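Examination of the molecular architecture
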Amino acid sequence: KNEVEQSPQNLTAQEGEFITINCSYSVGISALHWLQQHPGGGIVSLFMLSSGKKKHGRLIATINIQEKHSSLHITASHPRDSAVYICAASYFGNEKLTFGTGTRLTIIP
Amino acid sequence: DAGITQSPRHKVTETGTPVTLRCHQTENHRYMYWYRQDPGHGLRLIHYSYGVKDTDKGEVSDGYSVSRSKTEDFLLTLESATSSQTSVYFCAISGVRTEAFFGQGTRLTVV
């Protein structure tokens, strides 16, 4: 069974802290997605990656294929980063997305 | 922004009535999905489509049906709405190794 596990479920941090959210998955993914959902809001794609590392502003996503693990990092966190972050995987032979349960991030000013 | 729209955005309906939600894309993506999002459950897949007239069930498909007669439209139907189907419904599109894009969501209340 293709599964995606995220940790932590909840994370509270002070403004300015470095944030890491983790995602582990089964073998054979074709792509790993990081998504963001603000309270009461829609779902936005942050990254899609199948190898290496991607950076967009203060957000960095990495993936380690051998360890079946991906991380989302936020540098210099800000209260506007408060949201639910979701990782999702698509697998070779079945491209439908399998979601993790999400990480609720709260950044305190 | 990716071209994906959901309609309606909000709906209140009575138990036992049929309801259809529409997802429309202009990206020509192969895969289209319907999810529901409920507190404590995250996103759960209802049905998905991998091409015109090609659909398959997700993990919470009971009570729902879908149709895709054109690449750009994916309809979700609740044949006889129940209170347990009160939820926020999201449509999404993706291709092979492409980003996933989500609609704005439909808040459905069954009274």
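This one's a predicted model, so the numbers in the text were calculated from it and none came from an experiment.

About the thresholds
Residues numbered from 1 in each chain as written. Chains lettered and ligands numbered in written order. Predicted model: local features only at pLDDT ≥ 70, side-chain atom pairs only at ≥ 80, totals over all residues. Heavy atoms only, no water. Buried < 20%, exposed > 50% of the residue type's maximum accessible area, 1.4 Å probe, protein only. Helix = DSSP H or I, 4+ residues; strand = E, 2+ residues; numbered from the N terminus. Pairing = 2+ DSSP bridges. Core = buried A, V, L, I, M, F, W, Y, C linked by side-chain atoms within 4.5 Å. Contact = heavy atoms within 4.5 Å. Phe/Tyr/Trp six-rings, centres within 6.5 Å; stacked < 30°, edge-to-face > 60°. Disulfide = S-S within 2.5 Å. Axes fitted to C-alpha atoms, helices over the stretch in contact; angles between N-to-C directions.

1. Here's the deal with the pairing of strand 3 (residues 19-25) of chain B
Residues and elements named next belong to chain B.
- Here strand 3 shows one buried face, formed by Val19, Leu21, Cys23 and Gln25, and one open face, formed by Thr20, Arg22 and His24.
- Of the pairings in the sheet, the one linking strand 1 (residues 4-7) to strand 3 comprises 4 bridges and is antiparallel in character. The residue bridging serine 7 from the neighbouring strand is arginine 22, located in strand 3.
- With 6 bridges joining them, strand 3 and strand 8 (residues 73-78) adopt antiparallel strand pairing. Bridge pairing links threonine 20 to threonine 77 in strand 8.

2. Concerning the nonpolar core
- In this structure, Leu32, Trp34, Phe47, Leu72 and Tyr85 of chain A are the most contacted members of the largest nonpolar core, which totals 24 residues.
- Setting aside anything within four residues of it in sequence, one finds tyrosine 85 of chain A in contact with Gln6, Ile21, Leu35, Gln36, Leu46, Leu72, Ile74, Gly102, Thr103 and Leu105 of chain A.
- Leu21, Met32, Ile46 and Tyr64 of chain B belong to the second largest nonpolar core, which has 19 residues in total.

3. Structural notes on the packing of aromatic side chains
- One pass over the full model with this rule turns up 8 aromatic pairs over all chains.
- Ring geometry for phenylalanine 99 of chain A against tyrosine 35 of chain B: centres 4.8 Å apart, planes inclined by 85°, an arrangement best described as edge-to-face. Highlighted residues: phenylalanine 99 of chain A in strand 10 (residues 94-99) and tyrosine 35 of chain B in strand 4 (residues 31-38), drawn from two different chains.
- The exposure class assigned to tyrosine 35 of chain B is buried, which follows from its relative accessible area of 0%.
- Of the aromatic side chains, those joined through ring pairs into one cluster are Phe99 of chain A together with Tyr31, Tyr33, Tyr35, Tyr48, Tyr50 and Phe102 of chain B.

4. Description of the state of the cysteines
- Taken as a whole, this structure holds 2 disulfides over all chains when the rule is applied.
- With a sulfur-sulfur separation of 2.1 Å, cysteine 23 of chain A is cross-linked through a disulfide to cysteine 87 of chain A. In this structure the cystine formed by cysteine 23 of chain A and cysteine 87 of chain A twists about its S-S bond by roughly 80°; its chirality is therefore right-handed. Of this pair, cysteine 23 of chain A sits in strand 3 (residues 19-25) while cysteine 87 of chain A sits in strand 9 (residues 83-91); the two residues are 64 residues apart in sequence, bridging distant segments of the chain.
- Linked covalently through their sulfurs, cysteine 23 of chain B and cysteine 91 of chain B form a disulfide whose S-S length is 1.8 Å. Its S-S torsion of about -70° marks the bond between cysteine 23 of chain B and cysteine 91 of chain B as left-handed, since a negative value means left-handed. Of the two residues, cysteine 23 of chain B is situated in strand 3 and cysteine 91 of chain B in strand 9 (residues 87-94); the sequence distance between them amounts to 68 residues.
- A relative accessible area of 0% means that cysteine 23 of chain B is categorised as buried.

5. Notes on the sheet that holds strand 1 of chain B
All names here are of chain B.
- Pairing is antiparallel in the open sheet, where 4 strands are placed in the order 1-3-8-7. Single-partner strands in this sheet number two, and they are strand 1 and strand 7 (64-70). Averaged over all adjacent pairs, the angle separating strand axes in this sheet is 15°, with direction ignored.
- Examined bridge by bridge, strand 7 and strand 8 share 5 bridges and lie antiparallel to one another. Each bridged residue has a counterpart across the sheet, and for serine 67 the counterpart in strand 8 is leucine 75.

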